[in-house]
Amino acid sequence: MYYCDSHLHTHFSFDGAPEATVDAVCLAAIARGLSEITVTDHCDINGEVEGIYAPYRMEAARDAVMDARAHYAGRLQINWGVELGQPHQYPEAAKALIDAGGFDFVLGSLHNLTGVPDFWFLRYEEMSEVLLHQLFARALQEMVEVVRFPGVHALAHLTYPLRYAAMAGRKVDLAEHIPAIRALFAEMIARGIALEVNYSTLRAGLGFAMPDEPILRLWREMGGERITLGSDAHRPADLAGGLDEALALLQRCGFHQIVTYRGGQPYVHSID
Ligand SMILES: [Zn+2]
Ligand SMILES: [Zn+2]
């Protein structure tokens, strides 16, 4: 069994806990028996251009990760990544960031639809069923653009909007979205893009991973092989929280391997 975490935040993320220094995260990873982590602080590209998110201090984050990589060599494999939000909305700025960063791993994500606030801010309690489904349909369309973006290696939290809907007591039946999810997966498989299993929702007790079992089974059925695993922890105490449940989920779906990225290349690890 290989324990790793390919999605975590430090204090270089605008929403990272103050105690989440790179050093503290590395120590927590070692204490939990992880062999490998990838630091993926937020760069929501709209933050750089529109100011709707805090700007990303790429150089400072990279210096801290490189220092840690040298310091913990032989004890923990530390990869330099980024969670790049909405690259397709400002392609020039996103390309410049990727070019300047020299990342091991670029985790593409969609936190907000074009011209719409982050899914976190939407009011699901009052939303009609129709609007809820429209939002998710639009999210799937924009995720196709995220996975097409040059330099992106994996797609984060496919069902991100459903986390907040679930927290507001709203359940979204994905049946009508399966054709769009199939189209997205076909695009990812053709491009070799990995699917992230984000288990922050398992840790939060919501009872499902992002994405959950039926969608993971669809990925497998369509020939999807590359999977990354991410806790999406924003503080050291949450690191790898829910990992055992996530691994059990993958095994139940028939997966035997996961990947991590180093130097932009996938490395395969057994989870048997
Ligand atoms: Zn995210
Ligand atoms: Zn994240």
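The structure under discussion appears in the preceding block.
Residues numbered from 1 in each chain as written. Chains lettered and ligands numbered in written order. Predicted model: local features only at pLDDT ≥ 70, side-chain atom pairs only at ≥ 80, totals over all residues. Heavy atoms only, no water.

J.: Quick question: what am I supposed to make of the nonpolar core here?
T.: The tendency in soluble globular proteins is for nonpolar side chains to be buried side by side. If you look at the biggest cluster of nonpolar residues, it comprises 86 residues, and the most contacted ones within it are Ile-37, Leu-184 and Phe-185. Ranked by residue count, the leading element in this core is helix α5 (residues 129-148), at nine residues. Excluding residues within four positions of it along the chain, Phe-185 makes contact with Leu-158, Leu-195, Ile-215, Leu-218, Trp-219 and Met-222. Phe-105, Leu-107, Val-259 and Tyr-261 belong to the second largest nonpolar core, which has seven residues in total. (Core = buried A, V, L, I, M, F, W, Y, C linked by side-chain atoms within 4.5 Å. Buried < 20%, exposed > 50% of the residue type's maximum accessible area, 1.4 Å probe, protein only. Helix = DSSP H or I, 4+ residues; strand = E, 2+ residues; numbered from the N terminus. Contact = heavy atoms within 4.5 Å.)

J.: Help me understand the coordination of the zinc ion (ligand 2), please; the structure alone is not making it clear to me.
T.: In ideal tetrahedral geometry, four donors around a metal make angles of 109.5 degrees, whereas ideal octahedral geometry with six donors gives angles of 90 or 180 degrees. Around the zinc ion (ligand 2), the donor atoms from the protein are His-7 (NE2), His-9 (NE2), Glu-83 (OE) and Asp-232 (OD), and they sit 2.1 to 2.2 Å away. Relative to the metal, the four donor atoms surrounding the zinc ion (ligand 2) lie at angles of 82 to 168 degrees, and the coordination shape comes out irregular. The metal-metal distance between the zinc ion (ligand 2) and the zinc ion (ligand 1) is 3.4 Å, with Glu-83 serving as a donor to both. Within this pair, whereas Glu-83 is found in strand β3 (residues 77-85), its partner Asp-232 is found in the loop between β7 (227-230) and α10 (243-252), the two being separated by 149 residues in sequence. As far as burial versus exposure is concerned, Glu-83 and Asp-232 are alike and both buried. (Donors = N, O, S within 2.8 Å, 3.2 Å for Na, K, Ca; no water. Tetrahedral: all angles 85-135°; square planar, octahedral: opposite > 155°, others 65-115°.)

J.: Honestly, the coordination of the zinc ion (ligand 1) in this entry has me stumped. Any pointers?
T.: Around the zinc ion (ligand 1), the protein contributes the donor atoms Glu-83 (OE), His-111 (NE2) and His-157 (NE2), at 2.0 to 2.1 Å from the metal centre. Look at where the donors of the zinc ion (ligand 1) fall in the sequence and you get E-x27-H-x45-H.

J.: Even after reading the chapter, I still don't get the packing of aromatic side chains, so can you show me in this structure?
T.: Any two aromatic rings considered together are summarised by their centre-to-centre distance and by the angle between their planes. Evaluated as defined, the whole model comprises six aromatic pairs. Ring centres 6.0 Å apart and planes at 75 degrees place the aromatic pair Phe-119 and Tyr-160 in the edge-to-face group. Of this pair, Phe-119 sits in the loop between β4 (105-109) and α5 while Tyr-160 sits in helix α6 (residues 160-167), and the two are 41 residues apart along the sequence. Here the two residues Phe-119 and Tyr-160 agree in accessibility, since each one is buried. (Phe/Tyr/Trp six-rings, centres within 6.5 Å; stacked < 30°, edge-to-face > 60°.)

J.: What should I look at first to understand the pattern of salt bridges in this one?
T.: Pairing is possible between side chains of opposite charge, provided their charged atoms come close. Throughout the structure, instances matching the rule amount to twelve salt bridges. A salt bridge links Arg-262 to Glu-36; the shortest N-O distance between them is 2.8 Å. One end of the pair, Arg-262, is in strand β8 (residues 257-262); the other, Glu-36, is in strand β2 (residues 36-44), and 226 residues separate them in sequence. Exposure remark for Arg-262: the relative accessible area of 22% places this residue in the partly exposed category. (Salt bridge = Lys/Arg side-chain N within 4 Å of Asp/Glu carboxyl O.)

J.: Is there a simple way to think about the pairing of strand β1 (residues 4-8) in this case?
T.: Within β1, five of the five residues are buried, leaving the element largely enclosed by the surrounding structure. Taken together, β1, helix α1 (residues 22-31) and β2 form a β-α-β motif whose crossover is right-handed. (Right-handed = clockwise from strand over helix to strand, strands pointing away.)

J.: How should I be thinking about the sheet that holds β2 in this particular structure?
T.: The strands making up a sheet are joined through hydrogen bonds of the backbone, oriented either antiparallel or parallel. Read across the open sheet, the seven strands follow the order β1-β2-β3-β4-β5-β6-β7; overall the sheet is parallel. The two strands at the open ends of the sheet, each matched to only one other strand, are β1 and β7. Judged from the three bridges that link them, β1 and β2 form a sheet pairing that is parallel. In the strand pairing of β2, Asp-5 is matched with Ile-37. In the packing of helix α3 (residues 58-71) onto the sheet, contacts are made with β2 and β3, and the angle to β3 comes to roughly 160 degrees. Lying on the sheet, helix α4 (residues 91-101) is in contact with β2, β3 and β4; it crosses β3 at an angle near 170 degrees. (Pairing = 2+ DSSP bridges. Axes fitted to C-alpha atoms, helices over the stretch in contact; angles between N-to-C directions.)

J.: What is the right way to look at empty space enclosed by the protein in this model?
T.: Empty pockets left among the atoms are what a rolling probe the size of a water molecule brings to light. Tallying each qualifying case throughout the model produces one cavity of 30 Å³ or more. Of all the secondary-structure elements, those providing two or more residues to the lining of the largest cavity are α5 and α6. Of the residues in the lining of the largest cavity, the class split is nine nonpolar, no polar and no charged. (1 Å grid on protein atoms, 1.4 Å probe; cavity = no way out; pocket = protein on both sides within 12 Å on 5 of 7 lines; lining within 4 Å. Points joined across faces, edges and corners; volume = space filled by probe spheres on them. Nonpolar A, V, L, I, M, F, W, Y, C, P; charged D, E, K, R; others polar.)

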